Amino acid sequence: MYRHMKISALIPAAGSGTRMGKGFRKQYLTLDGKEILNWTLENLLSQNCIDDVVIIVPTEDIVEVQEKVKKWLALASICTPFKVVGGGETRQASVYQGLLALDGHTDYVLIHDGVRPFVPYRQICEFLDVIMDDMTIDGVIAGIQVTDTLKRTDGDAIIMETLDRSHMWAVQTPQIFGFDLLKSAHELAANRRLEVTDDAALLEILGKRTKIVHSDAENIKITKPFDLIVAEAIIKSHYNTLLLKQEKL
């Protein structure tokens, strides 16, 4: 437990991966010999802040992924308890299925995309400190401040206005919320038939306060073929950094 709180992680990995154009799901593609989902789990669970994890995959993949995860965690000497459950038709529905799979004793829920393999080291504990130390906020999410100029257009792509980028963020995961609040938000959305693209939007509907904390540019989401090239470069860069440190010892 982290600071006497039970922290559960949900890993949505039930996407079809159609934008990747590889003919099978992107979470099972390999980077340097390891599947993307394997990288994600190892980097997330090695931070020692998480008590249990639920991995949400396509229903037909449950048995296969259970066996894979058991092997991956054993090889990495990670003992975190895990479940593998089937997802829904949307990301929102999949996260809700993950919430239902928790035992109800969870204090905080962390949601992290299964195809974001490079969550920065120590970031999870730092995010937990933010939400635990500030009672005025209800959630903490990762983000990167936008550096490009942003334009709002009409339906014909004609520019309507230039937006002030100083208050604009590109949102990532992890995202952390109180368990009871997040579950209530999902139930409300289901009752109202509301569909959103991330869990922080559900808290916005409830009028709750969510804080964005600066993340890392390497915390990429792998959705397209070019992302695989970037991911391989990140891995190569990290290996070279480790080699340089070993040479200096």
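Overview of the structure. (Residues numbered from 1 in each chain as written. Predicted model: local features only at pLDDT ≥ 70, side-chain atom pairs only at ≥ 80, totals over all residues. Heavy atoms only, no water.)

Some points on the sheet that holds strand β1 (residues 7–12)
Link 1 in the chain: If you walk across this open sheet you meet the 7 strands as β5-β4-β1-β6-β10-β7-β11, and the pairing is mixed. Looking at which strands have only one partner, the edges of the open sheet turn out to be β5 (82–86) and β11 (210–214). Taken pair by pair, the neighbouring strands of this sheet meet at an average axis angle of 25°, ignoring direction.
Link 2 in the chain: Inspection of the sheet shows β1 paired to strand β4 (residues 52–57) by 5 bridges, in the parallel sense. Paired with A9 across the two strands is V53, which belongs to β4. (Pairing = 2+ DSSP bridges. Helix = DSSP H or I, 4+ residues; strand = E, 2+ residues; numbered from the N terminus. Axes fitted to C-alpha atoms, helices over the stretch in contact; angles between N-to-C directions.)

Concerning the state of the cysteines
Among covalent bonds in proteins, the disulfide is the one between the sulfur atoms of two cysteines.
Link 1 in the chain: Inspection of the entire model under this criterion finds 1 disulfide.
Link 2 in the chain: In this model C49 forms its disulfide with C125; the gap between the sulfur atoms is 1.7 Å. Of the two residues, C49 sits in the loop between α1 (36–45) and β4 while C125 sits in helix α4 (residues 123–133), which places them 76 residues apart along the sequence.
Link 3 in the chain: With no disulfide of its own, C79 lies closest to C49 among cysteine sulfurs, the gap being 16 Å. (Disulfide = S-S within 2.5 Å.)

Some points on unusual backbone geometry
Link 1 in the chain: In this structure, P174 follows T173 across a cis peptide bond, with omega equal to 15°.
Link 2 in the chain: Relative to the elements of secondary structure, P174 occurs in strand β10 (residues 169–178).
Link 3 in the chain: Of note, the phi angle at N48 is positive, near 60°, even though the residue is not glycine.
Link 4 in the chain: Since its relative accessible area comes to 67%, N48 is described here as exposed.
Link 5 in the chain: Phi is positive for R122, which is not a glycine, with a value near 75°. (Buried < 20%, exposed > 50% of the residue type's maximum accessible area, 1.4 Å probe, protein only.)

A few points about the packing of aromatic side chains
Link 1 in the chain: On inspection of all chains with the given rule, the structure shows 1 aromatic pair.
Link 2 in the chain: Measuring from centroid to centroid gives 6.2 Å for W39 and F118, while their planes differ by 65°, and the two rings are edge-to-face. Remark: F118 occurs in the loop between β6 (108–111) and α4 and W39 occurs in helix α1; sequence separation between them is 79 residues.
Link 3 in the chain: By relative accessible area, which is 10% here, W39 ends up buried.
Link 4 in the chain: Stacked on the ring of W39, the Lys or Arg K34 has its end atom at 4.0 Å from the ring centre. (Phe/Tyr/Trp six-rings, centres within 6.5 Å; stacked < 30°, edge-to-face > 60°. Lys NZ or Arg CZ within 6 Å of the ring centre and 35° of its normal.)

Examining the pairing of β5
Link 1 in the chain: The pairing of β4 with β5 spans 5 bridges and is classified as parallel. Within β5, the residue paired with V57 across the bridge is G86.
Link 2 in the chain: Between β4 and its parallel partner β5, the chain crosses via helix α2 (residues 62–75), and the hand of that crossover is right-handed. (Right-handed = clockwise from strand over helix to strand, strands pointing away.)

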